[in-house]
Amino acid sequence: MAGSENIVWHKTTVTRADREARSGHRGAVVWFTGLSGSGKSTLANRVEAELFKKGIRTYLLDGDNIRSGLNHDLGFTDADRKENIRRISEVAALFVDSNAVVLTAFISPFTSERRAAREKVSEDEFFEIYVKCPLDVCEARDPKGLYRKARDGEIEAFTGISSPYEEPPAPELVVDTSEETLDQSTARVIALLEKNKIIGA
Ligand SMILES: Nc1ncnc2c1ncn2[C@@H]1O[C@H](COP(=O)(O)OP(=O)(O)O)[C@@H](O)[C@H]1O
Ligand SMILES: [Mg+2]
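1. Regarding the site of ligand 1
Part 1 of the reasoning: Surveying the vicinity of ligand 1 reveals 14 residues, the closest of which are G37, G39, K40, S41 and T42.
Part 2 of the reasoning: With respect to ligand 1, the backbone of S38 contributes an N or O atom lying 3.4 Å from an oxygen atom.
Part 3 of the reasoning: Note that an oxygen atom of ligand 1 is positioned 2.9 Å from one of the side-chain N or O atoms of S41.
Part 4 of the reasoning: About the coverage of ligand 1: the protein hides 74% of its 570 Å² of free accessible area.
Part 5 of the reasoning: When each cavity is represented as a set of grid points, ligand 1 is found to reside in the largest pocket.
Part 6 of the reasoning: Among the elements that make up the shell around ligand 1, the one with the highest residue count is helix α2 (residues 40–53) (three residues).

Listed below in structure tokens is the structure:
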């Protein structure tokens, strides 16, 4: 890769084990994926609030917040969507190393990018949550008015309308927000982290 030949990873004195011993929990990525309006931000935000109440070190990376800063130079072509997710994956991995439970709420429509994100951390610290919701329900919710704009041709390459969404073949958890309540989905995500010993029960 360009420019990487003279780079040597510097080992830090403070290790992950040190951080885990102090916080009493492990770091992990909780990766929410799904259509726009499926409820990723709503659910990730609620899960973070519950974890925070339990004293867990958390951080939420959310689509528009990252696109307005770190990734403000990227658009919505397939190449830019890939680069968007690549950078987020790297940032998420750094947060895991810092011992945080990092929650990400991005449409992340491509299986290959989600797989690449998973490969940035250990196999047992990546949790893909498919926030499933039928397109017509997402479109009826239309929390940001984006579906209407997409149908009116004002937004190019809108996921689910004019750009593909690849359903996760093997997510750690599927929540269907058209059938379960926010409280139910939240409890299921927390239970998953407890079961996998990221956090104590
Ligand atoms: N069970 C549910 N879980 C999550 N969101 C829900 C649920 N039922 C209705 N909603 C609503 O659906 C919308 C989801 O929007 P948002 O979280 O911004 O989606 P996304 O981040 O996936 O684009 C919100 O207006 C939320 O209040
Ligand atoms: Mg969102």
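2. Looking at the pairing of strand β3 (residues 101–105)
Part 1 of the reasoning: Along β3, five of the five residues are buried, which leaves the element largely enclosed by surrounding structure.
Part 2 of the reasoning: With burial as the criterion, each face of β3 is covered, one bearing V101, L103 and A105 and the other bearing V102 and T104.
Part 3 of the reasoning: Sheet topology note: the strand β1 (residues 28–33)/β3 ladder contains five bridges and is parallel. The partner of A28 across the bridge, within β3, is V101.
Part 4 of the reasoning: The pairing of strand β2 (residues 58–62) with β3 spans five bridges and is classified as parallel. Across the sheet, residue L60 finds its bridge partner in β3, namely L103.

3. Here's the deal with the packing of aromatic side chains
How two aromatic rings sit relative to each other is set out by the distance from centre to centre and by the angle between their planes.
Part 1 of the reasoning: Within the structure shown, the criterion is met by five aromatic pairs.
Part 2 of the reasoning: Taking the centre distance of 6.4 Å and the plane angle of 40° together, the rings of W31 and F106 count as tilted. Here F106 lies in the loop between β3 and α5 (111–119) and W31 lies in strand β1, a separation of 75 residues in the sequence.
Part 3 of the reasoning: The buried category is assigned to W31, whose relative accessible area is 0%.
Part 4 of the reasoning: Take F106: its relative accessible area is 3%, and that puts it in the buried class.
Part 5 of the reasoning: Ring geometry for Y147 against F158: centres 5.0 Å apart, planes inclined by 80°, an arrangement best described as edge-to-face. One end of the pair, Y147, is in helix α7 (residues 146–151); the other, F158, is in the loop between α7 and β5 (173–176), and 11 residues separate them in sequence.
Part 6 of the reasoning: The exposure class assigned to Y147 is buried, which follows from its relative accessible area of 1%.
Part 7 of the reasoning: For F158, a relative accessible area of 7% puts it in the buried group.
Part 8 of the reasoning: We note R67 situated over the ring of F76; from NZ or CZ to the ring centre the distance is 3.8 Å.
Part 9 of the reasoning: Here K82 stacks its cationic end above the ring of F110, 6.0 Å away from the centre of that ring.

Rules used in this analysis
Residues numbered from 1 in each chain as written. Chains lettered and ligands numbered in written order. Predicted model: local features only at pLDDT ≥ 70, side-chain atom pairs only at ≥ 80, totals over all residues. Heavy atoms only, no water. Near = heavy atom within 4 Å. Polar contact = N/O pair within 3.5 Å; in protein donor to acceptor, adjacent residues only side chain to side chain. Areas by Shrake-Rupley, 256 points an atom, 1.4 Å probe, with all protein chains shown as cover. 1 Å grid on protein atoms, 1.4 Å probe; cavity = no way out; pocket = protein on both sides within 12 Å on 5 of 7 lines; lining within 4 Å. Sits in = over half its atoms within 2 Å of the grid points. Helix = DSSP H or I, 4+ residues; strand = E, 2+ residues; numbered from the N terminus. Buried < 20%, exposed > 50% of the residue type's maximum accessible area, 1.4 Å probe, protein only. Pairing = 2+ DSSP bridges. Phe/Tyr/Trp six-rings, centres within 6.5 Å; stacked < 30°, edge-to-face > 60°. Lys NZ or Arg CZ within 6 Å of the ring centre and 35° of its normal.

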